[in-house]
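Spelled out, the chains give:
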Amino acid sequence: MDENLVFDLVRQSLWIAVRMAAPLLAVALIAGVAVGLFQALTSVQEMTLTFVPKIGLMLAVFWASMSFMTSILASFLQDSLVPLIAGG
């Protein structure tokens, strides 16, 4: 296994990680901005108000996107890693 193959495999792995984390991070960002705006407009500074909606929305998005994440990871494993392992 040469170093170009290793670098390409690491690059693909990082890109897969970004694609899998993007929906969760986007929802956390949008929920954080919305809750922050609500807190700024109403002057309510409650810590659970920032935590609970984010966690709830992230769990809902994670549940909805599990099949997407699983298919991406499974195709990466079947296309990239399994041939390397089987080949030696």
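Residues numbered from 1 in each chain as written. Predicted model: local features only at pLDDT ≥ 70, side-chain atom pairs only at ≥ 80, totals over all residues. Heavy atoms only, no water.

K.L.:
Hey, could you run me through the overall build of the chain in this one?
P.N.:
Scanning the chain from terminus to terminus reveals 2 helices and 0 strands. For the chain, the C-alpha radius of gyration of 19 Å lies well beyond 12 Å, the compact-globule estimate for 88 residues. Reported as C-alpha extents along the three principal axes, the dimensions of the chain are approximately 60 × 25 × 15 Å. Counting only residues that meet the buried cut, the chain has 16% of its 88 residues in that class. Within the chain, residue pairs in contact and separated by at least 24 positions form 70% of the contacts whose partners lie at least 6 positions apart. (Helix = DSSP H or I, 4+ residues; strand = E, 2+ residues; numbered from the N terminus. Rg over C-alpha atoms; globule rule 2.2 N^0.38 Å. Buried < 20%, exposed > 50% of the residue type's maximum accessible area, 1.4 Å probe, protein only. Contact = heavy atoms within 4.5 Å.)

K.L.:
Whenever I open this one, the nonpolar core confuses me. Can you help?
P.N.:
For soluble globular proteins, nonpolar side chains are generally found buried alongside one another. Counting 7 residues, the largest nonpolar core consists of Leu9, Ile16, Met20, Leu24, Met69, Ile72 and Phe76. Contributing elements (two or more residues each) for this core: α1 (3-42) and α2 (47-87). Beyond its immediate sequence surroundings of up to four residues, Leu9 is in contact with Phe76, Ser80, Leu81 and Leu84. (Core = buried A, V, L, I, M, F, W, Y, C linked by side-chain atoms within 4.5 Å.)

K.L.:
Quick question: what am I supposed to make of the environment of Leu24 here?
P.N.:
Looking at the element boundaries, Leu24 is found in helix α1. Judged by its relative accessible area of 19%, Leu24 is buried. In this structure Leu24 touches Met58, Val61, Phe62 and Met69, once residues within four positions along its chain are discounted.

K.L.:
I keep staring at the pattern of salt bridges and nothing clicks. Help me out?
P.N.:
Opposite charge on two side chains allows them to pair when their charged atoms are near. Taken as a whole and assessed by the stated rule, the structure comprises 1 salt bridge. Between Arg11 and Asp8 there is a salt bridge; the shortest N-O distance is 2.5 Å. Here Asp8 and Arg11 lie together in helix α1, a separation of 3 residues that amounts to about one turn. Overall, the relative accessible area of 29% leaves Asp8 in the partly exposed class. (Salt bridge = Lys/Arg side-chain N within 4 Å of Asp/Glu carboxyl O.)

K.L.:
I keep staring at a nonpolar patch on the surface and nothing clicks. Help me out?
P.N.:
Among the surface-exposed residues, Met1, Leu5, Val6, Phe7, Val10 and Leu14 lie close enough to one another that they form a single nonpolar patch of about 610 Å² accessible area. Summarising the element assignment, Val10 is placed in helix α1. Residue classification places Val10 among the partly exposed residues on the basis of a relative accessible area of 42%. (Patch = residues over 30% accessible without salt bridge, like charges linked within 9 Å, V, L, I, M, F, W, Y side chains within 5 Å. Areas by Shrake-Rupley, 256 points an atom, 1.4 Å probe, with all protein chains shown as cover.)

Take it as geometry only, folks, not as evidence of what the structure does.
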